[in-house]
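# Report on the structure
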Amino acid sequence: ITMTTYADIESATMQPTRHAYQFLAAEWSQRGKQFLGAALLLRHHVGNTNVVAHLIGQATELLGKSFLLWIDPDIRNSDLQRIGHDLIKLTDAVAKHLDHRLIDKEALRTLEDLHALFKRHALRYPDLLEFIFTPPEIPDCEPLLKHLHRLLRFADRLQIWQFKY
């Protein structure tokens, strides 16, 4: 079985259907949840590490982009590329579709700290001098994890990523 990717959909000559975008969004959300699960499992065994923080950043990126793809029928590949790996831009884009009361200030501060490392790939590829002299401080991701859990429960109640046939 061949899995259709977002690149396949964007390069097709015909316009993808809403269902095609939702199918892809559901797949991305599953992968985001798997990254989150891996982060939680690893965090339980080794604590806050670069890898745990990277997995949380990756999960945040996939879940946010899948939410946008599901909820916004007009979003395009170029819109998602403009966001890139910028967790702050992504959060701003997602927040436009959410009630402001769902945004947790402490989780946003954690996200900003995580973003500073995530966007420059410092969690995956440490700079030698930085690693020796001033290793980056890994933010405590607990507030962000709690916030993501609340948002996932909210998405379930709204039946985000759930098909209605």
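Residues numbered from 1 in each chain as written. Predicted model: local features only at pLDDT ≥ 70, side-chain atom pairs only at ≥ 80, totals over all residues. Heavy atoms only, no water.

## Focus: unusual backbone geometry
Defined as follows: Counting from the N terminus, the helices are DSSP H or I runs at least four residues long and the strands are E runs at least two residues long. Using a 1.4 Å probe on the protein chains alone, a residue whose accessible area is under 20% of its type maximum counts as buried, one over 50% counts as exposed, and one in between counts as partly exposed.
Despite not being glycine, Gln159 shows a phi value in the positive range, around 60°. By secondary structure assignment, the location of Gln159 is in the segment after helix H8 (142-157). Gln159 sits in the partly exposed class, given a relative accessible area of 36%. Of note in the backbone geometry, Trp161 takes a positive phi value of approximately 70° without being a glycine. Within the fold, Trp161 resides in the segment after H8. For Trp161, a relative accessible area of 11% gives the class buried.

## Examining the confidence of the model for the protein chain
Inclusion rule: The pLDDT score gives, residue by residue, the confidence of the prediction method on a 0 to 100 scale.
Taken over all residues, the pLDDT of the protein chain has a mean of 84, while the share at 70 or more is 84%. The least confident element of the protein chain, judged by mean pLDDT, is helix H1 (residues 6-11) at 58; the most confident is helix H3 (residues 50-71) at 93.

## Considerations on helix H6 (residues 105-118)
Structurally, the α-helix is built with 3.6 residues per turn, so residues lying three or four positions apart point the same way. Operational definition: The span one expects for a helix is its residue count, reduced by one, times 1.5 Å. Of all possible arcs, the one meant is that of the directions from the helix axis to the C-beta atoms. Any two residues having at least one pair of non-hydrogen atoms within 4.5 Å are treated as being in contact. Here a polar contact means two N or O atoms within 3.5 Å. Within protein one must be a hydrogen donor candidate and the other an acceptor candidate, and residues neighboring in sequence count only if both atoms are side-chain atoms.
Here H6 spans 19 Å end to end across 14 residues, near enough to the 20 Å set by a 1.5 Å rise per residue. Along H6, the residues classified as buried are Ala107, Thr110, Leu111, Leu114, His115, Leu117 and Phe118. Viewed along the axis of H6, the buried residues span an arc of 155°, placing them on a single side of the element. Away from its buried face, by an angle of more than 90 degrees, H6 presents the exposed residues Lys105 and Arg109. Those residues of H6 that are buried are in contact with H3, helix H5 (87-95) and H8. The N-cap residue of H6 is Asp104: its side-chain oxygen and the backbone nitrogen of Glu106 are 3.1 Å apart.

## Topic: the environment of Leu148
Along the chain, the position of Leu148 falls in helix H8. For Leu148, a relative accessible area of 8% translates into the label buried.

## Re the pattern of salt bridges
This is how the line gets drawn: Put simply, a salt bridge is a Lys or Arg side-chain nitrogen that is within 4 Å of an Asp or Glu carboxyl oxygen.
Taken as a whole and judged by the stated rule, the model has six salt bridges. With its nearest N and O atoms 2.8 Å apart, the salt bridge here joins Glu142 to Arg43. Linking Glu142 in helix H8 with Arg43 in helix H2 (residues 18-46), this pair joins segments that are 99 residues apart in sequence. Given a relative accessible area of 21%, Arg43 falls into the partly exposed group. Taking the shortest distance from any N to any O, the salt bridge between Arg82 and Asp79 comes out at 3.0 Å. A residue pair is termed a helical-turn pair when its members lie 3 or 4 positions apart in one helix, as Arg82 and Asp79 do in helix H4 (residues 77-83) at three residues. The exposure class of Arg82 is exposed, given its relative accessible area of 54%. Residue Asp79 is classed as partly exposed on the basis of its relative accessible area, which comes to 24%.

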